[in-house]
Structure formats: structure tokens, C-alpha cells
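Topology and contacts: notes
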Amino acid sequence: MLGTAAYSAATIPSTAHAANTVRRAFQSNTFNSVSHFPSNHFIVCGRFHIAVPTKAMSHSQTLAASELNHQSSASGNKQALISLSDKKDLTLLGNGLQELGYTIVSTGGTASALENAGVSVTKVEQLTRFPEMLDGRVKTLHPNIHGGILARRDQKHHMEALNKHGIGMFHVVVVNLYPFYDKVTSAGGIAFDDGIENIDIGGPAMIRAAAKNHKDVLVVVDSQDYPALLEFLKGGQDDQQFRRKLAWKAFEHVASYDSAVSEWLWKQTGGDKFPPNMTVPLSLKSSLRYGENPHQKAAFYVDKSLSEVNAGGIATAVQHHGKEMSYNNYLDADAAWNCVSEFRNPTCVIVKHTNPCGVASRDDILEAYRLAVKADPVSAFGGIVAFNIEVDETLAKEIREFRSPTDGETRMFYEIVVAPKYTEKGLEVLRGKSKTLRILEAKKNEKGKLSLRQVGGGWLAQDSDDLTPEDIQFNVVSEKKPQDSELRDAEFAWLCVKHVKSNAIVIAKDNCMLGMGSGQPNRLESLRIALKKAGDDVKGAALASDAFFPFAWKDAVEEACESGVGVIAEPGGSIRDGDAVDCCNKYGVSLLFTNVRHFRH
């Protein structure tokens, strides 16, 4: 990889003997090795590399050397500079450029790889006449390299400067960078000093230089662009749009690289989770047919932040079957997967429009699936079904054949099935259910992620809501204490309600959601919706609210008590908490304060 370089201006000997030595060497072109001139600096004259002692030189001798440089740099040979950490398809590129008559300049491992492939290479040090130093930190930041990249071909004084100093032009620059991203995210980790040494300096400098001067220099940072580059060069065309796209890609490549370095270094400082400035690198995964609605264009991007490496989530899920994912599919699948992943026991979650409409946990996953559908079969139809355990052949058959509880005849239809893994037979059965059924295999989201959400002109950042019942206390504030089964039901309902849009109410019993009310502007309406869905099963069930009840008497708390619920779990914190306690005491209902709110907007 081309690293940084320091430039030391060459000085020329003052004696006539030294000047004659230079002229004879130039005429015979015998400079094949820098070893002939130990302890010297070097001047580059086109394809001829003249080494001279580092003593002072007279003005007349400098002019003579410059004239020699001018003659050799005017030869018109096109040069390509190649320096790659990732050497994929390097042979294809090298042979292609050589066949087109390009002189290839390279360094280090890239030069060796090209030579082993039979491609002629001029090493960078032959141009700079300066050896690699400082453990590879200094290689290429040298006028003979960057002058040849940055010179504007339409500016007379730029070309005169190249001729004066004997610098050849580069027409193609192909560079990619040290694998910093892979190194700092490797399983074994990396020491701080090793991380620093994997920060590329010379590579980004050359990429940026070539991208800035893209009108005259083609810059390539992606091996997938090699065929297009060679075709472009073969055609002898001058498509500025093609050049601009390559330049854009180059700057984006460097920006993403710098973002990873910045993120890593900020973590090394032990700074706050919310840095003063933050860049989120996004990589296009797919163009979508449309957004939330057909008149909205859309695309899906994967977050390439270091914190997201191997951190799970729907964005990195593997799709085994079905139609391409849509904008709404991603939102719903994310909601279903985030919810089901929070349960420790075998669980099925069904989601419609990002809200869980059915949740059930059972040792028998088939029973859990049936109960999740039964909670709201109308909403479940056309929804997303998620499991937190492997889908085998038996479960897949149940998904394929299960009839809707509403009529006992209609097969349940789903947009997506998502699970942590599938057996081969399980996949085979599910593929037979529908050509369009999307089958996703996902990894559980890691805790501690940063949650980002866009508003007009800005972004909101917060910790992800990772709390589970094991992380909090369910404090009994009523006269009646819940039985162990009621407490477990309250914990289950509380875990469900955190995934329902506010204002949210969930009614659950025996590890099964019976009804939920979501997204209503007032909590009383959400309660009434949940009670209607739960029906007669509400008797003795647990009720969880995502936030406190602002009123109790003749409001949500009293209606819940009158319906027959056995236990209510809510955060508490209202100025009327005393009313809620008194109301529950009147009806003999257990009331639990969690001191944790679960708003979801």
C-alpha cells in the first residue's frame, strides 16, 4: 500500500566532473540501481532517473539538468499508478492497462504481485529516488508522484512546471486503502498502536488528489470498476460524467474510511456516547420499488459504523426466498424481530404495521404460534410472523397449513417469516407455501446500540431501550399482593407493551397476549380497544401500560378494575398515583409500579 512520503529537494554537485558524470549516464541510460550512488539524492527526468551527489550545484548546471528533464518528460507515455491493499482482480487490471500501452507504476506488495503475473512494473522509488522509510509510513508524498497526479493539463504553467522538474503525468490512479475497518473489528481485537499503524495516509492523499483532478486523471477505488475503466480507455472517449462518478466514489470511499477512524479514535478517548460531531457511513443495499406509498421513491442502506459490525438486526438478515423486500416490509420485520428477540422462552410474535398483534411463549412452539394468531387473527392475516428459535419441518408445515380461527378454512397469509435459523426441510416446506413469501434469517440485535431517528433538519440520538423485566423492580403499592402467576403475567405484558406504539395498553395471561390497544391520543381509548380484543379472557389477566395513568376514578384505572383484570403494571409518577392505588384497593386489584416508562413514538 502506498503510504505517506516526505520530499527532500534534490541538490546538484557544483563540480564539472559531477556534471559530466550526469550527462554520460543520461546518454547511456545506465542507471539501473540506486546502489551506484550511495548517500545521494535523486532527480527524476521522465523515464530516466538521474542520481547525483547532494552537494551544491551552480545555476548553469541546474539549467542543464532541467533541459534534460524537459526532453525526457515530453516522451508522451501514459502512466498508471496502482497501489492496492485488496488485490482482487489485479492481474486483470494490470494486463489490461499494459495491453493499452500504459506504463504501470507501483510499490511494495502490489508491484510484486504484478511482476509475478508477468506485468512490467516501474517501482515508485524509481520515480522518487527516495527509499521507503519509517516502517513504510513514508513512501509517496513526493512531487514526482503528486505533481504528476495534480497537474492540470489545460494550464500552460502547470505543464511548464512538470517539464522544468522532469515530472511525468499520471493518467490513471487505482488505489484502495489499508484494511483498517477489518482490523479494528476483528474477533480478537487490536492493540491501540496496531490500530494507529493501520491508518492509511498516503492512499487517501493520492485518491483525493486524483479525484480532485478527475478531469485529467481517472481514479478507481473499487475492483468492480476495472472492466468499465478498461472499456472506457479502449474507446478513447472523454466522458466527463464517467470521470465524475469515479471521483464521487473516490471521495465517498475516503469519507467512509475516515468515518471509521474517527469512530474508533473517539472510543479510545473514553468520551461520551454522543460525540460533538458524528458521521454515519451508509452503504446502498438495494433500491426499493417505492417508499411507504407508491408515489415515494425509496432505497435501503446498511449502516457501516464500527458499532454495527456483527451486532445483528434486520439490515444484515439473509433472505432465503420470496419477493424483494419493500420499505414497509423492513419496518415491520424490524419491529417483529426486535420484539421476539427479547423473550427467553420459545416465542412467536406477529406484527402488523409495526405493532405486535399477537405474542405467545410456550415450550411447544407450535402452540405458541397458534395462540399468537388467535390473539387477533384478522390483524395477523398479511402480517409478519417471527420466532426466536429454529424453524424446523414440523413448524414450517404448521405455518403453511394453519387455518384462520375466524372461519377455520382460510389459510393464513404472511408477508414475511423471520427466525434465527431454519432446517433444510423447514426451508423447503416454507418455500412451497408461496412464491412471494419472504423468508429471513436474522441475528439478534446486540444491546447498547445507538438509536437514530430523523426529524426535519436534524437527527435525534438515544440509547436503545434494552431494559427487560429482569432489569427492573415490580414494586407492589396496593394492599393486594399479586400471586406468582400474576407477577409473571405482569412481566410478560410489560415486555410486550414496550414494543407497542404509544399510548399503549397490553392485556396478557399465561404468557399470551390477549389484546392490545395502540397509538391512541388518550390512554382510555387504548384501554378500551385492548379490553374489546381480550373479551371474556380478561378476567384475572394482567394489564401493562407504557406510561402512568393521569386519572383513575371514572377513567382508565377504574374501567380496567371493573373489567376484571387481576393485576396492573404501570410506571407510576403521576400526581394522582394515590388515586390509582385507592381505586385498585377498592376493587381488590394488585397494582405494581415499575418506575420505568416505555413511550414508543
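For the structure itself, consult the block above.
Of the regular secondary structure elements, the protein chain holds 21 helices and 23 strands. When each of the 601 residues of the protein chain is scored for burial, the buried share is 48%. Considering only contacts in the protein chain between residues 6 or more positions apart, those separated by 24 or more positions represent 64%.

This brings us to the packing of helix α14 (residues 365-375) against helix α16 (residues 393-401). Between α14 and α16, the least distance of the axes is 10 Å, while the angle of their chain directions is 20°. Accordingly, the angle class assigned to the pair α14 and α16 is roughly parallel. Considering how the two elements wind past one another, α14 and α16 form a crossing that is right-handed. Packed against α14, whose contacting residues are Ile 365, Leu 366, Tyr 369 and Arg 370, the element α16 presents Thr 394, Leu 395, Glu 398 and Ile 399 at the interface. Class assignment for the residues of the contact of α14 with α16 results in five nonpolar, one polar and two charged.

Okay, the packing of aromatic side chains next. Scanning all chains against the criterion turns up 11 aromatic pairs. Each ring, one from Phe 232 and one from Phe 242, has its centre 4.5 Å from the other, and the planes form 20°; the classification is stacked. Placement of the pair is Phe 232 in helix α11 (residues 226-235) and Phe 242 in helix α12 (residues 240-268), with a sequence separation of 10 residues. The residues Phe 232 and Phe 242 share a single accessibility class, namely buried. Consider the rings of Phe 300 and Tyr 330, whose centres lie 3.8 Å apart with planes at 15°: the pair is stacked. Taken together, the residues Phe 300 in strand β9 (residues 298-303) and Tyr 330 in helix α13 (residues 327-340) connect sequence positions 30 residues apart. Each member of the pair Phe 300 and Tyr 330 is classed as buried. Connected via pairs of aromatic rings, a cluster forms that spans Phe 180, Phe 192, Tyr 257 and Trp 264.

The element strand β11 (residues 347-352) is extensively covered by neighbouring structure, given that five of its six residues are classed as buried. Where β11 lies against strand β12 (residues 355-361), six bridges are found, and the strand directions are antiparallel. Residue pairing for β12: Val 351 is matched across the bridge by Pro 356. Inspection of the sheet shows β11 paired to strand β13 (residues 383-387) by four bridges, in the antiparallel sense. Across the sheet, Val 349 pairs through a bridge with Ala 386, a residue of β13.

Reading guide: rules and limits
Per chain, the residues get numbers from 1 upward, laid out in the order the sequence is written. Totals for whole chains, interfaces and linings use all residues, but because this is a predicted model, local features are given only for residues with pLDDT of at least 70 and pairs of side-chain atoms are given and counted only at 80 or more. Each side-chain value is derived from all of the structure's non-hydrogen atoms; neither hydrogens nor water enter the calculation. A run of H or I in DSSP counts as a helix once it spans at least four residues, and a run of E counts as a strand once it spans at least two, with each numbered from the N terminus. Using a 1.4 Å probe on the protein chains alone, a residue whose accessible area is under 20% of its type maximum counts as buried, one over 50% counts as exposed, and one in between counts as partly exposed. Note on contacts: a residue pair is in contact if any heavy atoms of the two residues lie within 4.5 Å. Orientation is described by axes fitted as lines to C-alpha atoms, over the contacting stretch for helices, and by angles from 0 to 180 degrees between their N-to-C directions. With respect to orientation, any angle under 35 degrees is reported as roughly parallel, any angle over 145 as roughly antiparallel, any angle of 65 to 115 as roughly perpendicular, and every other angle as oblique. Crossing handedness: left-handed means the near helix sits turned counterclockwise from the far one by under a right angle, and right-handed means the same turn made clockwise. Residues are grouped as follows: Ala, Val, Leu, Ile, Met, Phe, Trp, Tyr, Cys and Pro are nonpolar; Asp, Glu, Lys and Arg are charged; all remaining types, including Gly, are polar. The rule is short: rings of Phe, Tyr and Trp, with Trp giving its six-membered ring, pair when the centres are within 6.5 Å, and they are stacked under 30 degrees, edge-to-face over 60, tilted in between. For two strands to pair, DSSP has to find at least two bridges joining them.

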